[in-house]
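# Structure at a glance
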Amino acid sequence: MSTTLSPDRTSLLSESSAAVVRATAGVVAEHAEQITARFYPSMFAAHPELLRTFNQANQATGEQPRALAASVVAYAVQLIDPAAPSFAHVMRRIAHKHVSLGIRPEQYTIVGRHLLGAVGDVLGDAVTPQVAAAWDEVYWLFATQLVAEEARLYAAAGIDPAQPTRPYRVVRRAQETSDVVSLVLEPADGGPLPRIVPGQYVSVFVDLPDGERQPRQYTVSSTRQGTRLQITVRRVRGTGGAPDGRVSGFLHDRVAVGDLLDVSAPAGDFVVEDSASPLLLASAGAGITTVLPIVEHIARTQPQRPVVVAHADRAAADHALRETVLHAGRELDDFTSHTWYEQLDPADTTSREGFMDLSDVPLPEGVQVFTCGPLPFMRHVRATLLARGVPAERIRYEVFGPDLWAQDVPDTPVG
Ligand SMILES: Cc1cc2nc3c(=O)[nH]c(=O)nc-3n(C[C@H](O)[C@H](O)[C@H](O)COP(=O)(O)OP(=O)(O)OC[C@H]3O[C@@H](n4cnc5c(N)ncnc54)[C@H](O)[C@@H]3O)c2cc1C
Ligand code: HEM
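What you see is a predicted model; the values in this text were computed from it and never measured.

Moving on, we get to the UniProt feature "domain: FAD-binding FR-type" (unreviewed entry) in the chain. Under the UniProt annotation, "domain: FAD-binding FR-type" (unreviewed entry) lies at residues 163–273. Along residues 163–273, the helical share is 7% and the strand share 44%, with 29 Å between the first and last C-alpha atoms.

For the chain, the assigned domains are domain 1 (12–157), domain 2 (165–264) and domain 3 (279–408). The gap between the C-alpha centroids of domain 1 and domain 3 is 33 Å. Contacts between the two partners involve 9 residues from domain 1 and, on the opposite side, 7 residues from domain 3. Taken over both partners, the interface formed by domain 1 and domain 3 buries close to 730 Å², and the fraction arising from carbon and sulfur atoms is 51%. Counting the contacts that link domain 1 with domain 3 gives 2 salt bridges. Summed over the shared surface of domain 1 and domain 3, the result is 3 residue pairs in polar contact (both at pLDDT 80 or more). If you list the elements that add at least two residues to the side of domain 1 that touches domain 3, you get helix H3 (63–80) and helix H4 (88–101). At 5 residues, the largest contribution of residues to the side of domain 1 that touches domain 3 is made by H3. Taken together, the residues of the side of domain 1 that touches domain 3 break down into 2 nonpolar, 2 polar and 5 charged.

Next up on the list: the site of ligand 2. Near ligand 2 you find 24 residues, and of these Asn 58, Arg 93, Lys 97, His 98 and Asp 403 are the closest. A distance of 2.9 Å is found between an oxygen atom of ligand 2 and a side-chain nitrogen or oxygen belonging to Asn 58. At a separation of 2.8 Å, a nitrogen atom of ligand 2 approaches a polar side-chain atom of His 98. For the shell around ligand 2, the elements supplying multiple residues, two or more each, are H3, H4, helix H5 (107–123) and helix H6 (129–157). A per-element tally of the shell around ligand 2 places H4 first, with 5 residues. For the shell around ligand 2, the residue count by class is 14 nonpolar, 7 polar and 3 charged.

We now examine the site of ligand 1. Near ligand 1 there are 25 residues, and of these Gln 217, Tyr 218, Pro 243, Val 247 and Ser 248 occur at the shortest range. Measuring from an oxygen atom of ligand 1, one finds a side-chain N or O atom of Ser 248 at 2.5 Å. One nitrogen or oxygen atom from the side chain of Thr 289 is found 2.9 Å from an oxygen atom belonging to ligand 1. Contact with the protein chains covers 81% of the free accessible surface of ligand 1, which is 970 Å². Every element with two or more residues in the shell around ligand 1 is listed here: helix H2 (56–60), strand E4 (213–222), strand E5 (229–234) and helix H7 (246–253). In terms of residues, the shell around ligand 1 owes the most to one element, E4, which gives 4 residues. Class assignment for the residues of the shell around ligand 1 results in 11 nonpolar, 9 polar and 5 charged.

Procedures and definitions
Residues numbered from 1 in each chain as written. Chains lettered and ligands numbered in written order. Predicted model: local features only at pLDDT ≥ 70, side-chain atom pairs only at ≥ 80, totals over all residues. Heavy atoms only, no water. UniProt positions renumbered as here; feature names shortened; annotations may be inferred. Helix = DSSP H or I, 4+ residues; strand = E, 2+ residues; numbered from the N terminus. Domains from an automatic or database assignment. Contact = heavy atoms within 4.5 Å. Buried area = accessible area lost by both parts, 1.4 Å probe. Salt bridge = Lys/Arg side-chain N within 4 Å of Asp/Glu carboxyl O. Polar contact = N/O pair within 3.5 Å; in protein donor to acceptor, adjacent residues only side chain to side chain. Nonpolar A, V, L, I, M, F, W, Y, C, P; charged D, E, K, R; others polar. Near = heavy atom within 4 Å. Areas by Shrake-Rupley, 256 points an atom, 1.4 Å probe, with all protein chains shown as cover.

See the structure below:
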């Protein structure tokens, strides 16, 4: 991986700032969510154009402010504690997300101003000039590393961050289940598809009927056809009085064959390396979208590599892409599939009832795990596999939202 992600952390922060950060990290951590909850409204008030870059649902639910708070605290801790776990995977995830949204170096000044302003507002008199200077240094170290990594990703993919999307035409729609639709997209400029590594996502920007523009990420669920990419979207329903999902609803109800969508270049580091290790792909619900491209890729490039897929869903009727995954799996020499349904059809004798339970599923020696689904699901998968002796570093995960995993599982090195 890039050297920008693994510098000698202990020497990064000046000695005077390190002492201040050591003394104040606790109080900043304690107030971090209060700080980021204040930061975003102040930044959006000064720069309303950014409302079109940030996912507004993640603001409403507080997930993005929590993810930002957690990342800044974790970054500061690893600067002052050489024994802290590696931060490289967090940095990589943020950089990929930023690149898919066209974040530019000059925007770090805006975020810095409002974030450090919020630190001052929340902590008040505790923020002496020395404290402000120390946290300013932490912010800019973090920012500089992200800018460097993002510049590397932009350059490698040939992306101009001022123009991060291309128009794609919807050439086909396939209703996979009652609430899942696949959209097959082709670059409208007639150019070739960018390089897509199986497991990566694109950001799709849509102009909603109320005039707002919003991005969302969707995994490239298939790249079987070399000139087209496919995304597979589960309709999100609001529960407990929350609104229905805006972009998934729009893609389901309003987007027709022939329409254009603004789509970013592929991003994301949830990707399988070309090694010989057997794979376990454990998914739930919409997480199946990461499984199909990986199985297709292995079938194309390493058909002898053992693959076990395990999927959990509400019912067989909700299990999107099931047949397509099985079809691709038939091209592998050693492919096994397991399914769990909360509501099991009595006639289905091959699936199991209830939540996924990997405690007795035969696993090949040296298995490498890729899991994608809701956080509680992935935590359960991880706990079961750790108990079975699968090393933590062999378990990779993808969160379909701001990554809040590390808050509860700080020892999760992935990457
Ligand atoms: C890397 C990545 C890959 C992904 N891949 C896929 C994929 O392949 N397929 C797929 O279907 N999805 C995928 N997603 C999820 C996708 O990006 C969207 O998050 C999903 O489609 C929901 O978007 P939405 O606009 O429909 O819902 P949103 O409008 O974003 O709503 C999301 C949730 O927030 C709640 N909410 C919104 N506003 C409020 C409020 N004011 N108060 C309380 N609650 C509120 C909603 O009720 C809903 O539950 C992926 C996400 C990531 C990060
Ligand atoms: C040091 C500075 C920054 C840090 C530490 C940071 C951190 C983060 C984190 C932790 C995430 C969530 C990643 C995930 O798990 O998916 C994120 C997403 C994001 N960041 Fe940054 N970021 C910084 C700078 C910026 C800047 C300058 C911008 C541009 C204005 C920006 C825009 C975004 C957007 C739009 C998202 C996606 C939000 C969402 O989907 O809700 N960030 N960032």
